[in-house]
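The chain contents come next:
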Amino acid sequence: MLKDKTVVLGVTGSIAAYKIANLASMLVKKHCDVHVIMTKNATNFINPITFETLTGNKCLVETFDRNFQFHVAHVSLAKKADVMLIAPASANVIGKLAHGIADDMLTTTALACKCKIIVSPAMNTNMYNNIIVQDNIKKLENYGFEIIKPDKGFLACRDEGDGKMPSEQVLFSYIEKEIACEKDLKGKKILVTAGATQESIDPVRYITNHSTGKMGYEIARAAMLRGAEVILVSGQTNIPEVPFVKTIKIKSAQDMFEAVRDNFEQCDIVIKSAAVADYRPATVSDDKIKKKDGDMIINLERTTDILKYIGEHRNNNQYICGFSMETRDMIENSRAKLHKKNIDMIVANNLKESGAGFGVDTNKVTLITKDEEISLELMSKQDVAFTLIDKIIERMN
Ligand SMILES: Cc1cc2nc3c(=O)[nH]c(=O)nc-3n(C[C@H](O)[C@H](O)[C@H](O)COP(=O)(O)O)c2cc1C
């Protein structure tokens, strides 16, 4: 997704400058064309040769350097850039950008850029909280720059507080969000459910299912990268949270139902990929578990049918998609579900097919709508997520 995208990294005179070597390397591994521009002061913290070696491109410092890679370097590079990230951004460079000053290669290129410029302020806490710096940051925001809020932490100056540059992974996720995909879901709100629910039997044991949440998390990530505002209602998983996605963590099927009920009306698209534990202990009193001859007998009742609720309370502008896991008669059973629950699409998979279903990184699904059946090849869950969103967008237009 990042292949052949041009990323310009602006590095300023901050102790955090050394971390950008790792970020440059992460981007190169994703096949980005990475160009680093440093302020002269930044070269006190890390040598341009490091960036040149990692990126294969000349590291620009001097505005009037005779550069044979670019014709008028700052303008050519600014035109070519898909995104510019200034990290770490010193108080000095933030001040210059906020006032249109272009007295070095970095600030001159930034002024010439038409692409999004992301700024990651990094400095001592007192500098960061200085009203002038705060004012300049607000100015940049008003001019359309995206500001990455610094972390709190132990700073190089031995102070503790705001001003720490976030990890390279966080910086990477901002770049990825900006350039990975066309924003064909911009303005849309999507609710996705993922992961397994748990129904406590007693303080120690619970009923659950084999869902790992992989499919739902990939859908949430794909929708976010395509510009949607995403709410992810997540049961138990081992997957790290998806950046820029509002994640609501839940335990039981009732929790999931309540989170969906409270949020789905404001959404344009709802994708229910999670597999709920369909049953829970019927009562919450002490006698819910009876022990007979050493065996445990539990009265179970069905949990709320979340898809059915959505189908009953939806409006016709919403697109509702559910998942169905079958072991036999997949198409017939899924189609029946589509009608019964009053939804627009069922993503059906056959649990008996290898590479499909719980736990694995691949899936083989059939997309079923009122008048179509589209069988997709075996593919990664990431590719299923993107294809599913393609098909939903086609049907919504
Ligand atoms: C060891 C050291 C660390 C510094 N770290 C920072 C910093 O994290 N953030 C910052 O705004 N300034 C920091 N400074 C001050 C800047 O380097 C100084 O303001 C410089 O003029 C910035 O130049 P530039 O914005 O052109 O890179 C540091 C200075 C020193 C000596």
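A short tour of the structure in this document, coming up.

The rules behind these values
- Residues numbered from 1 in each chain as written.
- Predicted model: local features only at pLDDT ≥ 70, side-chain atom pairs only at ≥ 80, totals over all residues.
- Heavy atoms only, no water.
- Near = heavy atom within 4 Å.
- Polar contact = N/O pair within 3.5 Å; in protein donor to acceptor, adjacent residues only side chain to side chain.
- Areas by Shrake-Rupley, 256 points an atom, 1.4 Å probe, with all protein chains shown as cover.
- Helix = DSSP H or I, 4+ residues; strand = E, 2+ residues; numbered from the N terminus.
- Nonpolar A, V, L, I, M, F, W, Y, C, P; charged D, E, K, R; others polar.
- Phe/Tyr/Trp six-rings, centres within 6.5 Å; stacked < 30°, edge-to-face > 60°.
- Buried < 20%, exposed > 50% of the residue type's maximum accessible area, 1.4 Å probe, protein only.
- Expected span 1.5 Å × (residues − 1).
- Arc of directions from axis to C-beta.
- 1 Å grid on protein atoms, 1.4 Å probe; cavity = no way out; pocket = protein on both sides within 12 Å on 5 of 7 lines; lining within 4 Å.
- Points joined across faces, edges and corners; volume = space filled by probe spheres on them.
- Axes fitted to C-alpha atoms, helices over the stretch in contact; angles between N-to-C directions.
- Parallel < 35°, antiparallel > 145°, perpendicular 65-115°, else oblique.
- Left-handed = near helix turned anticlockwise from the far one by under 90°.
- Contact = heavy atoms within 4.5 Å.
- Disulfide = S-S within 2.5 Å.

Near the ligand lie 14 residues; those nearest to it are Gly13, Thr39, Ser90, Ala91 and Ala122. A distance of 2.7 Å separates an oxygen atom of the ligand from a polar backbone atom of Gly13. Between the ligand and the protein, one listed contact pairs an oxygen atom with a side-chain N or O atom of Asn41 at 2.8 Å. Coverage of the ligand by the protein amounts to 64% of the 640 Å² it exposes when considered alone. Take the shell around the ligand: its biggest share by element is 3 residues, from helix 4 (residues 91–98). Of the residues contributing to the shell around the ligand, the split by class is 7 nonpolar, 7 polar and no charged.

Here we take up the packing of aromatic side chains. Taken as a whole and judged by the stated rule, the model has 3 aromatic pairs. With 4.8 Å between their ring centres and 90° between their planes, Tyr174 and Phe244 make a pair best called edge-to-face. Pair noted here: Tyr174 is in helix 8 (residues 168–179) and Phe244 is in the loop between strand 11 (229–234) and strand 12 (246–249), with a separation of 70 residues, a long-range link. Here Tyr174 falls in the buried class, since its relative accessible area comes to 15%.

As a further point, take helix 12 (residues 330–341). Across its 12 residues, helix 12 extends 16 Å between first and last C-alpha, which sits within 8% of the 16 Å expected from 1.5 Å per residue. By the burial criterion, the buried members of helix 12 are Met330, Ser334, Arg335, Leu338 and Lys341. Angular distribution of buried residues about the axis of helix 12 spans 145°; they occupy a single face of the element. Opposite the packed face of helix 12, turned more than 90 degrees from it, sit the exposed residues Glu332 and Lys340. Once helix 12 finishes, Asn342 follows within two positions and takes phi at roughly 60°, a positive value.

Each pocket or cavity is described by its volume, and for the largest pocket that value is around 730 Å³. Lys272, Ala275, Asp278, Phe323 and Lys337 are, among the 34 residues lining the largest pocket, the residues nearest its centre. Among the elements of the structure, helix 9 (214–225), helix 11 (306–313), strand 18 (319–326) and helix 12 are those that each provide at least two residues to the lining of the largest pocket. Here the lining of the largest pocket takes 4 residues from helix 12, the largest share from any one element. Looking at the lining of the largest pocket, its residues break down into 11 nonpolar, 13 polar and 10 charged.

Next up on the list: the packing of helix 1 (residues 19–29) against helix 8. Two elements in contact, helix 1 and helix 8, have axes whose closest approach is 9 Å; the angle formed by their N-to-C orientations is 45°. Viewed along their axes, helix 1 and helix 8 adopt a mutual orientation that is oblique. By crossing handedness, the relation of helix 1 to helix 8 is classed as right-handed. Packed against helix 1, whose contacting residues are Lys19, Ile20, Asn22, Leu23, Met26 and Leu27, the element helix 8 presents Glu168, Gln169, Leu171, Phe172 and Ile175 at the interface. Tallied by class, the residues present in the contact of helix 1 with helix 8 amount to 7 nonpolar, 2 polar and 2 charged.

All told, the structure shown has 0 disulfides when counted by the stated rule. Free cysteine Cys59: the closest other cysteine sulfur is in Cys113, separated by 15 Å. Residue Cys59 is classed as buried on the basis of its relative accessible area of 4%. In this model Cys115 remains outside any disulfide bridge; the closest cysteine sulfur is found in Cys113, 4.0 Å from its own.

So, on to unusual backbone geometry. Here the residue pair Ala87 and Pro88 is connected by a cis peptide bond, since its omega of -10° sits within 30 degrees of zero. For Pro88, the location among the structural elements is in strand 3 (residues 83–89). Even without a glycine there, the phi angle at Asp4 is positive, about 65°. Looking at the secondary structure, you find Asp4 in the segment before strand 1 (6–11).

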